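# Report on the structure
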Amino acid sequence: MKINIADAKVGMVLANDIVSNNVRILKKGAELSDKVIQALLNRNILTVDIVDESSSQQMHDELQREINQRFQRYEHNSAMMKLKNIIISAVGETYG
């Protein structure tokens, strides 16, 4: 959902990368803070795409599938499985 940066709230999550002059400023999934919102305003970035609740669940599901796929070959490595669980937990906190 595209919103005006002036309407952005702390904690909102970006649905897409923010690119300025062919340089990625923020990555999809980044959480907005007061400092980030101000920095975007200073760069004259006036709108951002944020994750709404329905697409948040979709993004969570996509990331979950990708994590499972990337760690599939390490299923017998306990250290890698611990790392996988940490990542899954972080994704759950962001999108869950």
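Residues numbered from 1 in each chain as written. Predicted model: local features only at pLDDT ≥ 70, side-chain atom pairs only at ≥ 80, totals over all residues. Heavy atoms only, no water.

## Focus: the side chain of Ser-20
When you line up the elements, Ser-20 lands in strand β2 (residues 18-20). With a relative accessible area of 17%, Ser-20 lands in the buried category. Sequence-distant contacts of Ser-20, defined by excluding residues within four places in its chain, comprise Ile-25, Arg-43 and Ile-45. (Helix = DSSP H or I, 4+ residues; strand = E, 2+ residues; numbered from the N terminus. Buried < 20%, exposed > 50% of the residue type's maximum accessible area, 1.4 Å probe, protein only. Contact = heavy atoms within 4.5 Å.)

## Description of the nonpolar core
Ile-3, Ile-5, Ala-8, Leu-14, Ile-18, Leu-26, Leu-32, Ile-37, Leu-40, Ile-45, Val-48 and Ile-50 together form the largest nonpolar core, which totals 12 residues. With sequence-adjacent residues up to four places away left out, Ile-18 is seen in contact with Val-23, Arg-24, Ile-25, Leu-26, Leu-40, Ile-45 and Val-48. (Core = buried A, V, L, I, M, F, W, Y, C linked by side-chain atoms within 4.5 Å.)

## Remarks on the confidence of the model for the protein chain
On average, the protein chain scores 89 in pLDDT, and the residues at 70 or more come to 94%. Mean pLDDT in the protein chain bottoms out at helix α2 (residues 53-71), which sits at 83, and peaks at helix α1 (residues 34-42), which reaches 94. (pLDDT = per-residue confidence, 0-100.)

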